[in-house]
Amino acid sequence: MRTLFLFALTLPLLGQTAHRLNRYEYNATIRDLLAVPFQPAADFPIDDSGYGFDNIADVLSLSPALMEKYLAAAEKSARAAIVAPTPPQPSVQRFAASDFHYKVDFEGDYDVLIALRRGSTPVTFSIDGVPVETDANEFRIHLGRGNPRLVADSPNLAYVELRGPYNPITPPPSESYRRVFHCGHPPGHHTLACARTNLADLARRAYRRPVTSDEIEGLMHFVKQADSIEQGMQVALEAILVSPRFLFRIEPDSLDDFQFASRLSYFLWSSMPDDQLFELAAQHRLRDPEILRAQIHRMLLDPKSRALVENFGGQWLQTRNLDSLQPDPAKFPEFTNDLRHDMQRETQLFFQSIIRDDRPISDFLAGNYTFLNQRLAAFYGIPNVEGTQFRRVDLPPDSHRGGILTEASVLTVSSYPARTSPVIRGKWILENLLDSPPPPPPPNVPKLDETALGATATVRQRLEQHRANPACKGCHSRMDPLGFSLENYDAIGRWRTHDGDLPIDAGAGPDALKQSLLKDQDRFARCLASKLATYALGRKASLPTATGNETFSQLVQEVITNAQ
Amino acid sequence: MRSSLSRRTFLQGLGAAISLPLLDAMPAATAPLRLAFIYVPNGIFMDQWTPVSDGADFELPRILSPLTPHRDNVLVLSGLTQNTGRALGDAAGDHARASATYLTGVHPKKTDGAGICAGISVDQVAASHVGASTKLPSLELGCEDGRLVGNCDSGYSCAYNNTLSWRTPSSPLPPDVNPRSVFERLFGSLDENPADRLKRLRNEASILDYVLDDTRRLTSRLGSSDHRKLDEYLTSVREIERRIQFAEKDDQQVSPSFEKPSGVPADFADYAKLMFDLMLVAFQTGTTRVSTFMLGREGSIRAYREIGISDAHHPVTHHSGNPDLIEKVVRINTYHMQQFAYFLDKLKATPDGDGTLLDHSLIVYGSGLSDGNKHQHNNLPVLVAGKSGGRHITYPAETPMNNLHLALLDRMGVRIESLGDSNGELNVLSLNA
C-alpha cells in the first residue's frame, strides 16, 4: 500500500511531454483553424530534429526569437481573419492609354472622364468589349470586382481618368471571417453574447479540448476593453494563438480522449483534429477499435494526409534532402530542377498510393508499379509514357525498377554529388529499412577516403580496404555488400552497366537484395513501425509486434494504439 | 593607445605563458564594446593557417592572406583546445561536439532527442550581463538552412550541429538564416505609422500579461519535463515583454542605412556579406552588442560551386592527405576568410564614438575543429580581430579555449570565476587595448 501511495505521488511528475508545434504543424493548424490564405510560419527559425524527425518534443525549443515570430504571426493571422476590408475614399487614377485594364477591388460606381487633345468628337467607350451608350465625355459606369479591360477609342485621346468607387458594395465576409463570427451577423453588428460564443468555439478548437468558463471570461476581458467587438475579438484571438495551450500539445503518460484525438490528427495530418474527431472524442468513442479503424481510413483518404507523405515519408526516406542536393553538374548535366521535382514526385505519389489504396507495407520494398511522367520514364528507359502528367505505370519485368530502393530519389540522396557510395547506401538500408544502424566508427579513425585510392580501381577494390582494417571490418562487412547490390544505379539513380570503362560488379544485384529483404519482412515491418511510432509520439518509440503482413492502415492503427 | 606599444615591443620576445595583466591603460570608453563569434564548419587546413613564427613578425599564411590589410587588427592565437569536444567515452560525433562545445566548454550529452544538454555559451553569458541595455540581448545568425534530414552526427540531435548559442544547458538558440527576417527583428516593420505602432505594442503587452498569468495556472498542474519547455516559453515571453517596454520608450525608430532584404541571395558570398552587413548595422545602431554567426552548420555538406568546387564540404575535409582534396579544403577556407575580411573592411570604415566600429569590437573567428580530416579538437584555429593585433601567440598545448572566453568576458566587463572547463583567464596581450 505504502509503495503504491508513493508511486501515485510521484506519478504526476513523470512522463509529461510538451510538444511545441513545428513549422509545418503551425501552418497547417492555422490553416484549419482560420483558413487564412498564407503560411504564417514561413520565416520561423529552423526546427531542430532528433531521431531523424523534426517533430521530436525534446528538441523543439522555444527561443525569444521564435516567440517574437509567434506574436507577429498571431497578429497577422488574426487581422487577416477578422478585419473586414473597408472601402477606400474615392480616388482618381489617370491612364494615358486608350486600351487598359483597371483593377477593381470594390464593386461600385466610377466616374469616367475622357480628355481629348483637341475637338470634342464623341468617343466610343467599352468595358470588356461591351460599349457604353453615351455621347458625353464624362459619364458614370458601374464596375464589379475584377480586372476589366477598358477601351476609349479616339484618335485625339489625351488620357482617361477614373474616379471612384462611389456607393461601394462591401464584399461578403471571407471564409476566415465566417469561421470566427459564425453567428451570422454582418460586420459591425456583433453582440457581446455572440462574441462569447464565438470566442469559446475558437478557443476550444485552438486548444483542441473543451474550455472552461473561466478561460472564456479571461479572453472576454479583451473584448470588453476594446473600442469595438471586432477589435476585441482580434486581440483575444491573438492571445489564443500565443497561449501555450495552443502552441504546445501537452501529453501525460495516459492520454484522455481529446489528447488522443490530437495525437492521431497530428500523426496523420500534422494538424488539429476536425469536428468529427472532436465529437467522437467528446463521446469517448474514438478509441473503440472499429470506430478508430474507420477514422484512420477516412483520415488517410483525406487530402490532408499529404502531410504524412511529405513529413513522415520525406524524412524517413530522406528524400526531403533532394530539395537542396546538388549533384555535380559536370558529371550529371541531366540533373535539372525539373528532374529533381519529378524524382520527388514519384516517391510521393508511390507513398500516397500505398496510403490511399491501403496496400500491404511490403509494397514499399517490392511494389511492381510506380508513378511516372514522360521525362522520368525516359530517364528510366521505360517506353510508352507520354506527356508531363504523372500516371500509374505497371513496371515491365526488365525495367530494373520497383519499390523505394530503386527510385531515383532514394538513390540520389544516398550518393555523393559526383559518385555513388556503397557505404552510404548500405548504411541507408540498415538505418531506414532494417532499423539496425551500424555503430559509429571508432573514435579518431579518419573516414576512409574512397577517391584517394586512384581512379583506376573500381569502387569495390577501393572498399576492400575497409575489410582489411579489423577496426572497420565488423560493420563494413554488413554495410558494404548491401550498398554494392545497388551499384548498377549511378549517383542520380540511372541504370548503368559500366562505371567509366570498368564494368559494374554489383554482387547479387538489386533483385536479390529485395528478395532477401522480403524474406525478413518482419524486420522491415518493425523498422517502419518504429519510425512511424517515433514520428507519431514525438519521441523515440517502437512497436515490436509488427509482422510484415499488415496493410498500411493496420500498421497505423497498431502504432497509435500500442506503440511504446 | 600607442602607449602600450613600447611595452608590447618590450615583451615581444617573451613566451606567452608568462602571466601578463590583460591590459593596462584603457581610455574612457566613448562607445561600448561589441562581441561576436564567427564560425566556419569542418575545421581548417592548419598548415596553411598557422603562422610560422610567434610575435609581431609573422607572415600571414595562405588562408589568412585575405586579412593582409587588417594584419594590425588581428591576433592569431594558437594552441587552444576544446577538450570537451573529444569523445571522452562517447565514441563518434566529433562534428556535433565541435559546435556544441565551441562556446560552452561543456561535454554535451550524447542523445538524438531525449534530454539534450550542453552548457551555457559565452555569448549568452555576455548577453545576460550587457544585453539588458540593448533591444536584443544577442543576435544569432547563420548562412545555411539546417533542414537536411537523417542523422546529423552519429547519434547526436541536429540541435548540436545547428547552433553555437545556448541560453541554458537545455535551450539552444537556433540561428536566423533569413536576411529579411533578421532585418525585421532589428528594425520592425518600418512602414507602420507611430499611432498604430503604439497601439500594437500596448495590445501585445496586455496579451503577454494574459498568457503569463494563464501559463502559471497551467504549470501548477503539470509534471517536470513539461516545466522545462514551459519555462523556456515563460523566459521567451518575458524577454519579449522587455523588448516591448524598450520599444515603447524608443519612439524614434532607427532607420537603417540599407533597404530591407527581399530574400536569400543565391551566391554564397552575397549571402554571407548580407548577413555580415546585418550584424554590422545591429552593432552600429546599438540594437545588440553580442552576436554569433555560423557561415555553415557543423558538418556542412554545402558544395561551393561559386569557386568551382562541386564536392560537398564535409567529405572533402576527409582528404587523407590527398593533395587535390587538400587544395579544395584550403580554397574553401580562404573563401570564407575573404568574406570575413569584407566584414572587417566594413567595421573599419564605420565611425563609432572616438574611432571605428572595429576599435570597439572583439570579433572571434574560427572553427571547433582544427584538422577536419582527423577530427582534432586541440590547437584550434582562433583569431581575434579588434582595435589592436598584429601578433601571433602560441599557448602551451591543451590550454582551454574557454580561458579565452573568460578573457573576452572580462573585456566586456563581465567577471565570472569560471566557464565550462576553463582553468584560468587567458593572458591575451593587447586584446582590444
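What comes next is a walk through the structure. Please read all numbers here as calculations on a predicted model, not as lab measurements.

**Focus: the pairing of strand β5 (residues 124-127) of chain A**
All names here are of chain A.
- The pairing of β5 with strand β8 (residues 149-153) spans four bridges and is antiparallel. Its bridge partner being in β8, F125 is matched across the sheet by A152.
- When β5 meets strand β6 (residues 130-132), the two strands line up antiparallel, connected through three bridges. Within β6, the position partnered with I127 by the bridge is V130.

**Focus on the interface of chain B and chain A**
- Contacts between the two partners involve 64 residues from chain B and, on the opposite side, 60 residues from chain A.
- For the side of chain B that touches chain A, the secondary structure elements donating two or more residues are α4 (158-162), β5 (171-172), α5 (179-187), α6 (194-219) and α7 (224-249) of chain B.
- Of all the elements, α7 of chain B adds the most residues to the side of chain B that touches chain A, at eleven residues.

**Focus: the sheet that holds β5 of chain A**
Residue and element names in this part refer to chain A.
- The four strands lie next to each other as β3-β8-β5-β6, forming an open sheet whose pairing is antiparallel. Because the sheet does not close on itself, it has two edges, and the strands there are β3 (99-101) and β6. Direction aside, the axes of adjacent strands within the sheet are offset by 25 degrees on average.

**Describing the environment of D345 of chain B**
- Mapped onto the fold, D345 of chain B is located in helix α10 (residues 323-349).
- A C-alpha to C-alpha distance of 17 Å links D345 of chain B and I63 of chain B, two positions 282 residues apart in sequence.

**Here we look at the sheet that holds strand β4 (residues 107-116) of chain A**
All names here are of chain A.
- Pairing is antiparallel across the open sheet formed by four strands, whose spatial order is β2-β9-β4-β7. Because the sheet does not close on itself, it has two edges, and the strands there are β2 (91-95) and β7 (138-143). Put simply, the sheet's adjacent strands are angled 25 degrees from each other on average, direction ignored.
- Sheet topology places β2 next to strand β9 (residues 157-169); five bridges connect them, and they run antiparallel. Across the sheet, S91 pairs through a bridge with G164, a residue of β9.

**Points about helix α10 (residues 275-282) of chain A**
Residues and elements named next belong to chain A.
- The complete set of buried residues in α10 reads L277, F278, L280 and A281. The arc that holds every buried residue of α10, seen down its axis, measures 165 degrees, which confines them to one face.
- On its buried face, α10 sits against α9 (257-269) and α11 (289-301).
- H284 sits one or two positions beyond α10 and adopts a positive phi of about 55 degrees.

**Remarks on the packing of helix α12 (residues 306-316) of chain A against helix α13 (residues 337-356) of chain A**
All names here are of chain A.
- Viewed as axis vectors pointing N to C, α12 and α13 meet at an angle of 115 degrees, and their least axial separation amounts to 10 Å. Considering the relative orientation of α12 and α13, their crossing is right-handed. Where α12 abuts α13, its residues L308, V309, E310 and G313 lie against Q348, F351, Q352 and I355.

Calculation criteria
Residues numbered from 1 in each chain as written. Chains lettered and ligands numbered in written order. Predicted model: local features only at pLDDT ≥ 70, side-chain atom pairs only at ≥ 80, totals over all residues. Pairing = 2+ DSSP bridges. Helix = DSSP H or I, 4+ residues; strand = E, 2+ residues; numbered from the N terminus. Contact = placed C-beta atoms within 7 Å. Axes fitted to C-alpha atoms, helices over the stretch in contact; angles between N-to-C directions. Buried ≥ 20, exposed ≤ 12 C-beta atoms within 10 Å, placed from the backbone. Arc of directions from axis to C-beta. Left-handed = near helix turned anticlockwise from the far one by under 90°.

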